[in-house]
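As a plain string of letters, each chain reads:
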Amino acid sequence: MKAAPTLSPAFLQPAGGKLPEPLLTLRQQRGKALVDMPLPTRKTENWKYSSRHLKLTEELANSLPSGRKAGPGLALDHPHILIHNGVVVPEASDFPELDGIEISSFADLDDDTAGQLAERLDNTLDNQAIQMARLNAARFEDGLYIRLKPGAVLEEPLYVIIETDAGASGSAYPRLYVDVGANSQMTLVEEYISSGDDAALVDSVTEFSLGEGANLTSIRLSLEGDSVQHIGATGARLLGHARLDSHTVGFGGPLRRHDLQVRLEQPGAECRLNGVAVSQGKQHYDNHTTIEHVAPHCNSEETYRNIAADESHIVFNGRIHIHEDAQKSAADMNNKNLLLTTGAEIDAKPELEIYADDVTCAHGATIGQLDDRSLFYLVSRGISRQHANTLLTMAFINELVEQIPVEAVRQTTQARLNQFIEQAFEEA
Amino acid sequence: MLSIRNLHAAVEGEEILKGINLDIQPGEVHAIMGPNGSGKSTLSQVLAGNETFEVTSGEVLLDGKNLLELETEERALAGIFLAFQYPVEIPGVSNLQFLRTAVNAHRAHQGKEELSAVDFMKLAKDITQRVDLDASFLKRGVNEGFSGGEKKRNEILQALLLEPRLAILDETDSGLDIDALKTVAQGVNELRSEDRAILMITHYQRLLDHIVPDKVHVLAGGRIVKSGDSELAKELEEHGYAGLGVSDDEEATAN
Ligand SMILES: Nc1ncnc2c1ncn2[C@@H]1O[C@H](COP(=O)(O)OP(=O)(O)O)[C@@H](O)[C@H]1O
Ligand SMILES: [Mg+2]
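To start, this report covers the structure provided alongside it. (Residues numbered from 1 in each chain as written. Chains lettered and ligands numbered in written order. Predicted model: local features only at pLDDT ≥ 70, side-chain atom pairs only at ≥ 80, totals over all residues. Heavy atoms only, no water.)

**Considering the overall build of chain B**
Check the secondary structure of chain B and you find seven helices and 12 strands. Since a compact globule built from 255 residues should have a radius of gyration of about 18 Å, the 18 Å found for chain B is in line with a globular shape. Of all 255 residues assigned to chain B, the portion counted as buried reaches 55%. Restricting to contacts in chain B with at least 6 residues of sequence separation, those with at least 24 account for 69%. Carbon and sulfur atoms make up 44% of the accessible area of chain B, which amounts to about 11,000 Å² in all. (Helix = DSSP H or I, 4+ residues; strand = E, 2+ residues; numbered from the N terminus. Rg over C-alpha atoms; globule rule 2.2 N^0.38 Å. Buried < 20%, exposed > 50% of the residue type's maximum accessible area, 1.4 Å probe, protein only. Contact = heavy atoms within 4.5 Å. Areas by Shrake-Rupley, 256 points an atom, 1.4 Å probe, with all protein chains shown as cover.)

**Observations regarding the nonpolar core**
Within the largest apolar cluster, 124 residues are counted, with the highest numbers of intra-cluster contacts made by Leu417 of chain A together with Ile4 and Met200 of chain B. In terms of residue count, helix α5 (residues 385–401) of chain A provides more of this core than any other element does, nine residues in total. Residues within four places of Met200 of chain B in sequence aside, it is in contact with Val29, His30, Ala31, Ile32, Leu169, Val188, Leu207, Leu208 and Ile211 of chain B. (Core = buried A, V, L, I, M, F, W, Y, C linked by side-chain atoms within 4.5 Å.)

**Focus: the packing of aromatic side chains**
One pass over the full model with this rule turns up eight aromatic pairs over all chains. Measuring from ring centre to ring centre gives 5.6 Å for Tyr377 of chain A and Phe98 of chain B, while their planes differ by 25°; the resulting arrangement is stacked. Of this pair, Tyr377 of chain A sits in helix α4 (residues 372–379) while Phe98 of chain B is found in helix α3 (residues 95–109), placing the two residues in two different chains. Its relative accessible area of 0% is what places Tyr377 of chain A among the buried residues. For Phe98 of chain B, a relative accessible area of 0% translates into the label buried. An aromatic cluster is defined as three or more aromatic residues linked by ring pairs; in this entry it consists of Phe376 and Tyr377 of chain A together with Phe84 and Phe98 of chain B. Note that Arg175 of chain A overlies the ring of Phe140 of chain A, its terminal NZ or CZ placed 5.1 Å from the centroid. Across from the ring centre of Phe396 of chain A, 5.8 Å away, lies the NZ or CZ of Arg305 of chain A, which sits over that ring. (Phe/Tyr/Trp six-rings, centres within 6.5 Å; stacked < 30°, edge-to-face > 60°. Lys NZ or Arg CZ within 6 Å of the ring centre and 35° of its normal.)

**Details of the interface of chain A and chain B**
Counting from both sides, the interface comprises 18 residues of chain A and, opposite them, 33 residues of chain B. Between chain A and chain B, the buried area comes to about 1,900 Å², and carbon and sulfur atoms account for 66% of it. On the surface where chain A and chain B come into contact, there are three salt bridges. A salt bridge links Arg385 of chain A to Glu71 of chain B, with the shortest nitrogen-to-oxygen separation between them at 3.9 Å. Put simply, chain A and chain B have seven residue pairs in polar contact (both at pLDDT 80 or more) between them. Those elements giving two or more residues to the side of chain A that touches chain B turn out to be α4 and α5 of chain A. For the side of chain A that touches chain B, a count of residues per class yields eight nonpolar, six polar and four charged. (Buried area = accessible area lost by both parts, 1.4 Å probe. Salt bridge = Lys/Arg side-chain N within 4 Å of Asp/Glu carboxyl O. Polar contact = N/O pair within 3.5 Å; in protein donor to acceptor, adjacent residues only side chain to side chain. Nonpolar A, V, L, I, M, F, W, Y, C, P; charged D, E, K, R; others polar.)

**Thoughts on the packing of helix α4 (residues 117–130) of chain B against helix α5 (residues 148–162) of chain B**
Residue and element names in this part refer to chain B. Running from N to C, α4 and α5 point in directions that differ by 130°, and their axes come no closer than 10 Å. One finds that α4 runs oblique with respect to α5. Considering how the two elements wind past one another, α4 and α5 form a crossing that is right-handed. Counting all contacts with α4, which are made through Phe120, Leu123, Ile127, Thr128 and Arg130, the residues of α5 involved are Leu157, Leu160 and Leu161. Here the contact of α4 with α5 is composed, by residue class, of six nonpolar, one polar and one charged. (Axes fitted to C-alpha atoms, helices over the stretch in contact; angles between N-to-C directions. Parallel < 35°, antiparallel > 145°, perpendicular 65-115°, else oblique. Left-handed = near helix turned anticlockwise from the far one by under 90°.)

**Description of the site of ligand 1**
Residue and element names in this part refer to chain B. Ile16, Gly37, Lys40, Ser41 and Thr42 are the nearest of the 13 residues found near ligand 1. Within the contact set of ligand 1, an oxygen atom lies 3.2 Å away from a backbone nitrogen or oxygen of Ser38. In this structure, Gly39 approaches ligand 1 through a main-chain N or O atom, which is 3.1 Å from an oxygen atom. Considered on its own, ligand 1 offers 560 Å² of accessible surface; in the complex 63% of this is hidden by protein. Ranked by residues supplied to the shell around ligand 1, first place goes to helix α1 (residues 40–48) with three residues. Of the residues in the shell around ligand 1, the class split is four nonpolar, seven polar and two charged. (Near = heavy atom within 4 Å.)

**Overview of the coordination of the magnesium ion (ligand 2)**
The magnesium ion (ligand 2) binds to the protein through Ser41 of chain B (OG) and Gln85 of chain B (OE1); the donor distances cover 2.1 Å. Taken together, the positions of Ser41 of chain B in helix α1 and Gln85 of chain B in the loop between β6 (80–83) and β7 (90–94) put the pair 44 residues apart, joining distant regions of the chain. (Donors = N, O, S within 2.8 Å, 3.2 Å for Na, K, Ca; no water.)

**Brief notes about α3 of chain B**
All names here are of chain B. For α3, with 15 residues, the first-to-last C-alpha span of 21 Å sits near the 21 Å given by 1.5 Å per residue. Restricting attention to buried positions, one finds in α3 the residues Asn95, Phe98, Leu99, Thr101, Ala102, Val103, Asn104, Ala105 and His106. Just past α3, the residue Gly111 takes up positive phi, approximately 75°. (Expected span 1.5 Å × (residues − 1).)

**Considering the sheet that holds β6 of chain B**
All names here are of chain B. The six strands are arranged β6-β9-β10-β3-β11-β12 in an open sheet whose pairing can be described as mixed. Every other strand in the sheet has two partners, leaving β6 and β12 (223–228) as the edge strands with one partner each. Put simply, the sheet's adjacent strands are angled 20° from each other on average, direction ignored. Where strand β3 (residues 29–33) lies against strand β10 (residues 197–202), five bridges are found, and the strand directions are parallel. Across the sheet, residue Met33 finds its bridge partner in β10, namely Thr202. Lying on the sheet, α5 is in contact with β6 and β9 (166–170); it crosses β6 at an angle near 165°. (Pairing = 2+ DSSP bridges.)

In structure tokens form, the structure reads like this:
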């Protein structure tokens, strides 16, 4: 039998960056644990459809140089922070001076705070299921630590721009940790973008820790270019009566993978996860979500919609795990998929594991094409076939896009999706 | 204006229309009546260009143009409008967006400037009133969650907006209560004009109490088995299709 492929030692080189001692130590430990890490293959259940798109070639092993001073050129009139090739760039950021929130790069943390953070890093994630988050833990050179104090309410959304500058081949390991204090409230926008067109790998980790009654709206846009593989993990832990609203919108690439893991740890916690993924050409997108109903009386709602054009491929795997003690759980998962061509592929798999007996669970997944009757109705009114196709395709995801609660983001997203859809129906 | 010659059409290899002949002049209102399953909707769908139905022979001319050669959208732009027997619900596309796109497609085809959102809104609000729909229906998804009567009124609304040469109304009167029927009939009467023809397909006589057709045809078993003036509709009302030797839900025996 052929030996399972392992991570190239080139990826285990000492990482740079100016981290406080406790985080350096943690990173070193994580690095040691990675020696001979088996790479996901076709036989790895959670990478079944995507492993062949994962290309961890040696040219990607070097960390991309960081610390560019100019901003990404996005005319954002909002408080925003730039993470450039994994490193926070204060000069290109606009750290808002707001009551109740502390924002710091990992590099700027004092040893005590860094020590506390080091103990919590990766706590929200099921490391077994997230191979690549472990690589991030061995390689991150900086990170963004956001602490919202108990009771604080942030009215304006906070934007974090995570830019990968692929001016050369290499990789970046951005990391965010957000502590949402008890009864506090905020909206965070993560916008992943890239520049340059050399091959690059982004291996990102974002963690949310929500205290009792905390309320976090998380918007995640994956907009990188076609030379960038992005493997990202988001973990969230929710204490009693906390609420997470997650909106993810992603455009395909050579590989886009997002693992979203939510743990409802105390009664009354609830989450709503909305996701849209679209792909074209030979792109690949893979969303894996897990909702852990650990405590009783928690609610989860999940709606994901995917659109695959041309010869692209989208994977959706939605797991809901209701633990034995989680009586009176309510979980509702809905996944709809649209194939725009016969060459496109979508693999959708809801996974329910229920160990409590008094629960309300619903799930559904469908894969289909545009409805002929709807199309005929539109063209019978003189609307061109191309325009009708565009309207119907947009309609398929609009319901979710309209729920994005930040207008500027909603509009940009709508425009980008429209552009994508129009392109998909352009006459060859 | 419209001339149908020996039109045959089949679905899944089964012939449904077996030689339809029909001539309609501008300004005329024709009614087609007939038992269930006789092919009325098939005829209307074939005229609108639904590719589910295969035209196996025959010819259809609209203002001298070969209609069967045109794509559905081209037929619409040439002036064909079909009010569907079963209007389609399209969640996610707002009625307003749909109507505006359709109107602007027509305007672009006629070399006119597109209507701005504001101008279109004014027009749309006016016409929703004329068919007795609340303006809130513009914001909803196309036909989404509309009652049967609301869907039919939304069809008439579209006809009024698009001002077709030939409006084909496929059982726009069925499933309506008395008030809704009056509204729809009023809308149809508003549509009547010297250079527009209307082809009303109906299973019942009651719409014809409000709209007096110039001609009435009986379609049975895929053929027009009898034509006459509005008196024919009354005859049918009294004696039923059996009086013509045609039984409801059965193929024509008359010819
Ligand atoms: N899409 C279809 N597939 C198969 N058969 C059809 C289809 N549409 C209509 N038919 C058949 O064609 C015949 C005529 O139907 P239709 O035109 O709807 O009649 P009407 O409108 O007069 O009630 C019926 O026997 C019906 O079953
Ligand atoms: Mg019918």
